[in-house]
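The lines below spell out each chain.
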Amino acid sequence: MTTALSLHRELAWELWTAARTLQAVPPVSTRHPDLDLADAYAIQSEVREMDLASGAVLAGLKIGATSEAIQSMFGIDHPDFGYLTDRMVLADGADLDLSRFIAPKVEGEIAFRFAEDVAGPDVTAHDVLAATAEVLPALEVLDSRIQDWRIGLVDTVADNASSALAVVGAGVPPGTTDLAAARMQLRSRHVVQEGRGSAVLGHPAESVACLVRILSGFGTGIKAGQLVLSGSWAAAVDLVPGDTVRASFGPLGSVSLTT
């Protein structure tokens with residue numbers, strides 16, 4: 001009989017291998033309909049340990065599915081989280097080789113860099129801002145190791161919240177502007193997306209506070225120095241070869257990548 005632990009490890013190995021062979025796998029949720037959110041995070045944890053065992057260093061976290069646009073796009077109705085390693089964080093202007101991905105998409109958001117640890121079930125947006133060293137314009141590149149992006153919540157959580165990497169720009173102090181009222185324009189050769197910070201659970205810092213409260217259920221939190229992606233301000237855009245994608249956030253700065 002297959003135990004839960006062995007199944008988690010088997011599925012984690014599938015997803016970890018899929019990211020390296022670029023061979024997507026059928027949805028976890030359709031093959032194992034009894035798996036729940038706790039199982040999905042257990043699988044994600046196994047994938048993370050495989051990454052760390054290969055030499056990657058944990059660099060931060062991401063919260064996803066925080067806006068109606070993203071929830072609608074992927075049929076998800078609950079925020080989720082994933083992890084970032086040092087191999088997943090690139091500087092502004094990064095030139096991406098799309099052959100590294102299966103079916104990549106990109107979205108614009110703000111990242112938080114922390115000066116202090118933040119943890120606990122009652123953390124607020126105010127607490128998050130007080131502990132933040134800087135906020136940074138960011139482009140998150142999504143990629144699904146699940147075939148044809150046929151994902152539900154269990155699938156995306158198991159697959160590290162569909163995260164591939166993040167490109168981050170220069171940081172500014174968190175009090176530079178009202179993050180909820182701030183506007184973003186994400187422009188590629190073929191698409192223009194607009195959004196504002198209030199799309200992310202009302203305020204990007206509230207999104208991060210939500211993440212901290214979720215993490216408290218796992219007995220952990222955010223560590224000083226870590227980078228946290230706070231959620232997309234608009235729908236994700238397909239990444240195509242020969243493109244430049246730029247997200248501009250007014251006084252918060254801008255960030256770009258090329259393909």
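Residues numbered from 1 in each chain as written. Predicted model: local features only at pLDDT ≥ 70, side-chain atom pairs only at ≥ 80, totals over all residues. Heavy atoms only, no water.

*Asks:* Please give an account of the packing of helix 1 (residues 4-21) against helix 3 (residues 37-53) that cites residues and values.
*Replies:* Describing two packed helices takes the angle between their axes plus the distance from one axis to the other. Here helix 1 crosses helix 3 at 55°, and the two axes come no closer than 8 Å. By the angle class used here, helix 1 and helix 3 are oblique. Here helix 1 runs over helix 3; the crossing is right-handed. When helix 1 is examined against helix 3, the residues Leu5, His8, Arg9, Leu11, Ala12, Trp13, Leu15, Trp16 and Arg20 are found in contact with a partner set consisting of Asp39, Ala42, Ile43, Glu46, Val47, Met50 and Asp51. Its residues assigned to classes, the contact of helix 1 with helix 3 shows ten nonpolar, one polar and five charged. (Axes fitted to C-alpha atoms, helices over the stretch in contact; angles between N-to-C directions. Helix = DSSP H or I, 4+ residues; strand = E, 2+ residues; numbered from the N terminus. Parallel < 35°, antiparallel > 145°, perpendicular 65-115°, else oblique. Left-handed = near helix turned anticlockwise from the far one by under 90°. Contact = heavy atoms within 4.5 Å. Nonpolar A, V, L, I, M, F, W, Y, C, P; charged D, E, K, R; others polar.)

*Asks:* Got a sec to walk through the layout of surface pockets? Specific residues and values, please.
*Replies:* Which parts of space are left empty comes out when a probe the size of a water molecule is rolled across the atoms. Each pocket or cavity is described by its volume, and for the largest pocket that value is around 470 Å³. Lining the largest pocket we find 23 residues, and of these Ala19, Arg20, Met88, Arg145 and Ala164 sit closest to its centre. It is helix 1 that provides the largest number of residues to the lining of the largest pocket, a total of four residues. Class assignment of the residues belonging to the lining of the largest pocket gives a composition of 13 nonpolar, three polar and seven charged. By volume, the second largest pocket is sized at about 280 Å³. Taken together, 17 residues form the lining of the second largest pocket, with Arg48, Leu61, Phe81, Leu215 and Thr220 sitting closest to its centre. Sorting the residues of the lining of the second largest pocket by element identifies helix 3, strand 1 (58-64) and strand 2 (80-85) as the ones contributing at least two each. Residue contributions to the lining of the second largest pocket peak at five residues, all from helix 3. Of the residues in the lining of the second largest pocket, the class split is eight nonpolar, seven polar and two charged. (1 Å grid on protein atoms, 1.4 Å probe; cavity = no way out; pocket = protein on both sides within 12 Å on 5 of 7 lines; lining within 4 Å. Points joined across faces, edges and corners; volume = space filled by probe spheres on them.)

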